[in-house]
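# A look at the structure
What follows is the residue order along each chain.
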Amino acid sequence: MLSMIATMASIYVAGRLWQDAENRVYLIKELDRRTGQGQSAISVDDTLKVIACKDQRKRLSELEMELAAARHEGFVGKYLSDNNENRSQKKLLAVIGIITQFGHKNKRDAIRRSWMPTGAARKKLEEDKGIILRFVIGRSANRGDNLDKAIDSENRQTNDFIIVDNHIEAPEELPKKSKSFFAHAADAWDAEFYAKVNDDIYVNIDALGTMLANHRDKPRVYLGCMKSGEVFSEPGHKWYEPDWWKFGDGKSYLRHASGEMYVISQPLAQFISINREILRTYAHDDVSAGSWFIGLDVKYVDEGKLCCSSSWTSGAICGAV
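So, here's what we can say about the structure.

What counts and what doesn't
- Residues numbered from 1 in each chain as written.
- Predicted model: local features only at pLDDT ≥ 70, side-chain atom pairs only at ≥ 80, totals over all residues.
- Heavy atoms only, no water.
- Helix = DSSP H or I, 4+ residues; strand = E, 2+ residues; numbered from the N terminus.
- Contact = heavy atoms within 4.5 Å.
- Areas by Shrake-Rupley, 256 points an atom, 1.4 Å probe, with all protein chains shown as cover.
- Buried < 20%, exposed > 50% of the residue type's maximum accessible area, 1.4 Å probe, protein only.
- Disulfide = S-S within 2.5 Å.
- Salt bridge = Lys/Arg side-chain N within 4 Å of Asp/Glu carboxyl O.
- Phe/Tyr/Trp six-rings, centres within 6.5 Å; stacked < 30°, edge-to-face > 60°.
- Lys NZ or Arg CZ within 6 Å of the ring centre and 35° of its normal.
- Core = buried A, V, L, I, M, F, W, Y, C linked by side-chain atoms within 4.5 Å.
- Axes fitted to C-alpha atoms, helices over the stretch in contact; angles between N-to-C directions.
- Parallel < 35°, antiparallel > 145°, perpendicular 65-115°, else oblique.
- Left-handed = near helix turned anticlockwise from the far one by under 90°.
- Nonpolar A, V, L, I, M, F, W, Y, C, P; charged D, E, K, R; others polar.

Right, let's talk about the overall build of the protein for a bit. Regarding its fold elements, the protein presents nine helices and nine strands. When contacts within the protein are restricted to residue pairs at least 6 apart in sequence, long-range pairs at least 24 apart make up 75% of them. Surface summary for the protein: the accessible area is close to 17500 Å², and the carbon and sulfur share equals 52%.

Let us look at helix 8 (residues 266–274). Counting buried positions over the nine residues of helix 8 gives eight, a clear majority of the element. Among the residues of helix 8, those classed as buried are Gln-266, Pro-267, Leu-268, Ala-269, Gln-270, Phe-271, Ile-272 and Ser-273.

Below, the discussion takes up the state of the cysteines. Under the defined criterion, the tally for this structure stands at two disulfides. Here Cys-225 connects covalently by a disulfide to Cys-307, the sulfurs 2.1 Å from one another. With the S-S bond torsion at 90°, the cross-link from Cys-225 to Cys-307 turns out right-handed. Here Cys-225, found in strand 6 (residues 221–227), pairs with Cys-307, found in the loop between strand 8 (299–302) and strand 9 (318–320); they are 82 residues apart in sequence, far enough to count as distant. Residue Cys-307 is classed as partly exposed on the basis of its relative accessible area of 28%. Note on cysteine connectivity: Cys-308 is disulfide-linked to Cys-318, with sulfurs 1.8 Å apart. In this structure, the disulfide formed by Cys-308 and Cys-318 twists by about -85° around the S-S bond and is classed as left-handed. With Cys-308 in the loop between strand 8 and strand 9 and Cys-318 in strand 9, this pair connects stretches of sequence that are 10 residues apart. Here Cys-308 and Cys-318 have matching classes, each one buried. Here the disulfide map of the protein reads 1-2, 3-4, the bonded cysteines being numbered as they appear in the sequence.

Here Asn-159, not a glycine, exhibits a phi torsion of approximately 50°, which is positive. In this fold, Asn-159 is placed in the loop between helix 5 (146–158) and strand 3 (161–168).

This brings us to the pattern of salt bridges. Evaluation of the coordinates by the stated rule reveals 23 salt bridges. The salt bridge involving Glu-169 is made with Lys-177; its shortest N-O contact spans 2.7 Å. The two residues Glu-169 and Lys-177 agree in class, both being buried. Of the charged contacts in the structure, one is a salt bridge between Glu-173 and Lys-176, with a shortest N-O distance of 3.6 Å. Residue classification places Glu-173 among the partly exposed residues on the basis of a relative accessible area of 23%. Residues joined in a network through salt bridges with shared partners are Lys-105, Arg-108, Asp-109, Arg-112, Glu-154 and Asp-160.

Here we come to the packing of aromatic side chains. Between two aromatic rings, the relevant description is the distance of the centres plus the angle of the planes. Counting across every chain of the model gives six aromatic pairs. Relative to Phe-293, the ring of Tyr-222 has its centre 5.0 Å away and its plane inclined at 70°; by these criteria the two rings are edge-to-face. Taken as a pair, Tyr-222 in strand 6 and Phe-293 in the loop between helix 9 (285–292) and strand 8 lie far apart in primary sequence, 71 residues in all. Judged by relative accessible area, which is 0%, Tyr-222 ranks as buried. Residue class for Phe-293 comes out buried when judged on its relative accessible area of 1%. Seen from their ring centres, Tyr-222 and Tyr-300 are 5.2 Å apart, and the 70° between their planes marks the pair as edge-to-face. Remark: Tyr-300 occurs in strand 8 and Tyr-222 occurs in strand 6; sequence separation between them is 78 residues. Residue Tyr-300 is classed as partly exposed on the basis of its relative accessible area, which comes to 28%. Taken together through their ring pairs, the aromatic side chains of Phe-181, Phe-182, Tyr-222, Tyr-262, Phe-293 and Tyr-300 make up a single cluster. Between Arg-280 and the ring centre of Tyr-282, over which it is positioned, the NZ or CZ distance is 5.0 Å.

Moving on to the nonpolar core. Counting residues in each nonpolar core, the largest one holds 34 residues, and the members touching the most others are Val-203, Leu-212 and Leu-223. For this core, the elements supplying multiple residues, two or more each, are strand 1 (92–99), strand 2 (131–139), strand 3, strand 4 (191–198), strand 5 (201–203), helix 7 (205–213), strand 6 and strand 7 (256–265). Apart from residues no more than four positions distant in its own chain, Leu-223 is found in contact with Phe-193, Met-211, Leu-212, His-215, Ala-257, Tyr-262, Val-263, Val-301 and Leu-306. Counting residues in hydrophobic clusters, the runner-up holds 30 residues, among them Ile-132, Met-226, Ala-257 and Phe-271.

Bringing the packing of helix 6 (residues 174–188) against helix 9 into the picture now. As a packed pair, helix 6 and helix 9 sit with axes 8 Å apart at the nearest point and diverge in direction by 50°. One way to sum up the angle between helix 6 and helix 9 is to call them oblique. In the packing of helix 6 onto helix 9, the handedness of the crossing is right-handed. Across from Leu-174, Pro-175, Ser-178 and Lys-179 in helix 6, the residues of helix 9 making contact are Asp-285, Ser-288 and Trp-292. A breakdown of the residues in the contact of helix 6 with helix 9 according to their chemical character gives three nonpolar, two polar and two charged.

Right, dumping it as structure tokens:
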């Protein structure tokens, strides 16, 4: 990434040089016109500078086109440095973010006792199976208060959080929180897949790993319990959608994975990371995620094993508490 920035900076400077050279050429020609001289007095040195700057400007145009294509496709490709210290040396299978809140320590402890290994066992899971597990939480609106301090204290003991410093914890901000998780995870870990899970869900990690391994050959995959739920336009309704009018007739949402748990492949997570500032969020995090992929060439996988019902069924990967 540093090399990319350096390259872009150098080309920007070259572009400015090209502009300066153009200005010099114009002034000399204007001087010739006004004084009636028959030939331009441009030196060989100035001519070479103009030619060099033209080449740099052409390269800048090419890079801008490549970067625009990368943003559209959701790939960062050659612009990512293999030596980025924040990325893992070995490609992981999955990064799983467990969306949690202030006051949910009992839920987190229940997950740690059941399906999320702790300490050395979690490290072994990362090394042997390539699966990262982290709780995801933001910061208090009153930065540094007892809520923040409690999370920091818990994390010092468990070291199993992604704390999104620029996100304020609030129920209505959940869609932005999910977006921040995918962007952060894509930047921090080189993985095949990235999953979002609620903190009231139990997950069969082995079954999940087996399922994901079967989808490695798909370049842009979106897995989950797919649905198109009803859009509620009444302001007093629990599931009110302020932007209900954007969904066609306002009767149903676009196709998306249920919010309890869904998985996206690396190119989609990279797409979110690159475009995080301009991706629109709606009232619900799962609808928001589905909306980001509408215009992309994405493989939708309606996976019944990711329908996290209250009663476990044979072969299920997740289940509600």
